[in-house]
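Chain by chain, the residues:
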Amino acid sequence: MEYYVHYLNHDRRLDEWCNISRFQLDTLDSSHRHVSLQKQHTSGRKRKSTASDAMHKANQELAELEREHEEMTKVKNIHNIVIGNWDVETWYFSPYPSEFSPCKTLFICEFCLKYMKHKCSYRKHKECCEKRRPPGREIYRENNLSVFEIDGKENRVYCQNLCLLAKLFLDHKTLYYDVDPFWFYIVTEVDNEGAHIVGYFSKEKVSAEDYNLACILTFPQHQKSGYGKFIISLSYELSKREKKVGSPEKPLSDLGKISYRSYWTHVLMHLLSQSSKQGKMKSLSIKAISTMTAIKVEDILSTFQSLNMIQYWKGQHVIKVRQDLIKDYMKNSKPIRLCKSEYLTWEK
């Protein structure tokens, strides 16, 4: 017999099925059971009617829905996927139709993203599928790296399949079927067989909060290859073309926070280093940096604060230049994969 295990204070992608032999049974603590029973008895008591009952009831119902959703999705329903030449272990629950889950292995076409439960169906599909690239238009090509822009409304099925696939690796993603209001940007590696998906990001067509990215994912088999920073930089290059500043939709995942903080630090430190060499540091304001980089002022401030390079003086934030820190960063900085503007053919 196996048990599904979640490790407290750790991300759910580390959840796993464990055999009973891995448990130390003498360390089991059953006290939480009594707490749960006590809560059940308490929640059964009638509350006196007050003016705030309606609001309290609404909050309770919302909390209950959130608990039900968490309960329903906390156990992975698909153990691994086969996509292209890769067999990938999944991280989280994804709401695939009931006839496809739960299952041990789900087979997915890497070109059209159709999903199948049986290997024989997968083989037949690969033989007859004529797709060799994502739908939409190609907006970026650098050697074998290509990016396609897809309208969620015009390519609804593909984008819905993409969202279901992505949910296997994103814990907080809630968008599955309402893809019409979004643009999707698919990053691929191109060879003689076609354009193979390595990651993507989505963004709202119209965002009141100036979000330039809603969801971002580099698939596990392609991580640690620099695609995360490339995708982030692409989102900002698009913002520059739109003559806007942007920011990712919050909250960010744990991996997202690390990637964005690293990207912001890279961009700001290189900008400060270049400005210092050109003698332009005195004319460099937070607002000017935001305009040049398309990074929102709040994100610039939080990054400088993390580097202890900001101070509040005479009612405004001022950059506290630390040449030692800038030089040390530039000395140890490693090249990263970024979107190069000259290869981006997108226009507003």
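Residues numbered from 1 in each chain as written. Predicted model: local features only at pLDDT ≥ 70, side-chain atom pairs only at ≥ 80, totals over all residues. Heavy atoms only, no water.

Undergrad: Please clarify how the pairing of strand 9 (residues 182-191) should be interpreted in this entry.
TA: Every regular strand shows the same layout, with side chains that alternate between the two sheet faces. As paired strands, strand 8 (residues 145-151) and strand 9 are joined by seven bridges and run antiparallel to one another. When the sheet's bridge partners are listed, Ser146 is paired in strand 9 with Thr188. Note that strand 9 and strand 10 (residues 194-204) share ten bridges and pair antiparallel. Along strand 10, the bridge assignment pairs Trp183 with Lys203. Taking the residues that link successive antiparallel strands as the turn, the strand 9-strand 10 hairpin has two residues. (Pairing = 2+ DSSP bridges. Helix = DSSP H or I, 4+ residues; strand = E, 2+ residues; numbered from the N terminus.)

Undergrad: So what exactly am I meant to see when it comes to unusual backbone geometry here?
TA: With the exception of glycine, most residues fall at negative phi, and the peptide bonds are largely trans. Residue Pro102 is reached from Ser101 by a cis peptide bond, and omega for that bond is 0 degrees. Relative to the assigned elements, Pro102 resides in the loop between strand 4 (86-89) and strand 5 (103-108). Cis geometry is found at the peptide bond from Lys250 to Pro251, where omega equals 0 degrees. Along the polypeptide, Pro251 turns up in the loop between strand 13 (247-248) and helix 6 (254-277). Here the phi dihedral of Ala294 falls at roughly 70 degrees; this positive angle occurs in a residue that is not glycine.

Undergrad: Quick question: what am I supposed to make of the sheet that holds strand 12 (residues 215-218) here?
TA: What links the strands of a sheet is backbone hydrogen bonding, and the strands pair in either a parallel or an antiparallel sense. Taken in spatial order, the five strands of this open sheet run 7-8-9-10-12, and their pairing is antiparallel. Every other strand in the sheet has two partners, leaving strand 7 (137-142) and strand 12 as the edge strands with one partner each. Recorded for the sheet is a direction-independent mean angle of 20 degrees between the axes of neighbouring strands. Lying over the sheet, helix 4 (residues 156-167) contacts strand 8, strand 9, strand 10 and strand 12, oriented at roughly 80 degrees with respect to strand 9. Packing of helix 5 (residues 227-241) onto the sheet brings it into contact with strand 7, strand 8, strand 9, strand 10 and strand 12, and relative to strand 10 it is tilted by some 50 degrees. (Axes fitted to C-alpha atoms, helices over the stretch in contact; angles between N-to-C directions. Contact = heavy atoms within 4.5 Å.)

Undergrad: Sorry if this is basic, but what is going on with the packing of helix 6 against helix 7 (residues 286-293) here?
TA: Axes are the key here: two packed helices are described by the angle between their axes and the distance separating the axes. At a closest axis distance of 12 Å, the pairing of helix 6 and helix 7 adopts a crossing angle of 115 degrees. Regarding the angle of helix 6 to helix 7, the classification is roughly perpendicular. Considering the relative orientation of helix 6 and helix 7, their crossing is right-handed. Of the residues in helix 7, those touching helix 6 at Val267, Leu268 and Leu271 are Ile289, Met292 and Thr293. A breakdown of the residues in the contact of helix 6 with helix 7 according to their chemical character gives five nonpolar, one polar and no charged. (Parallel < 35°, antiparallel > 145°, perpendicular 65-115°, else oblique. Left-handed = near helix turned anticlockwise from the far one by under 90°. Nonpolar A, V, L, I, M, F, W, Y, C, P; charged D, E, K, R; others polar.)

Undergrad: Looking at this model, I keep getting lost on the packing of helix 7 against helix 8 (residues 297-306). Mind explaining?
TA: Two numbers describe how helix 7 lies on helix 8: the axes approach to 9 Å, and their chain directions differ by 115 degrees. Judged by the inter-axis angle, helix 7 sits roughly perpendicular to helix 8. For the element pair helix 7 and helix 8, the recorded crossing hand is right-handed. Between helix 7 and helix 8, the contacting residues are Ile286, Ile289, Ser290 and Thr293 on the first element and Val297, Ile300, Leu301 and Phe304 on the second. Across the contact of helix 7 with helix 8, the residue classes break down as six nonpolar, two polar and no charged.

Undergrad: In this structure, what is going on with the environment of Tyr140? I would like to understand it.
TA: Here Tyr140 shows up in strand 7. For the pair Tyr140 and Val187, spaced 47 residues apart in sequence, the C-alpha separation works out to 9.1 Å. Contact partners of Tyr140, with chain neighbours within four places excluded, come to Leu145, Ser146, Val147, Phe230, Leu338, Cys339, Lys340, Tyr343, Leu344 and Thr345. Separated by 2.7 Å, the side chains of Tyr140 and Glu142 make a polar contact. (Polar contact = N/O pair within 3.5 Å; in protein donor to acceptor, adjacent residues only side chain to side chain.)

Nothing here speaks to function; it is geometry throughout.
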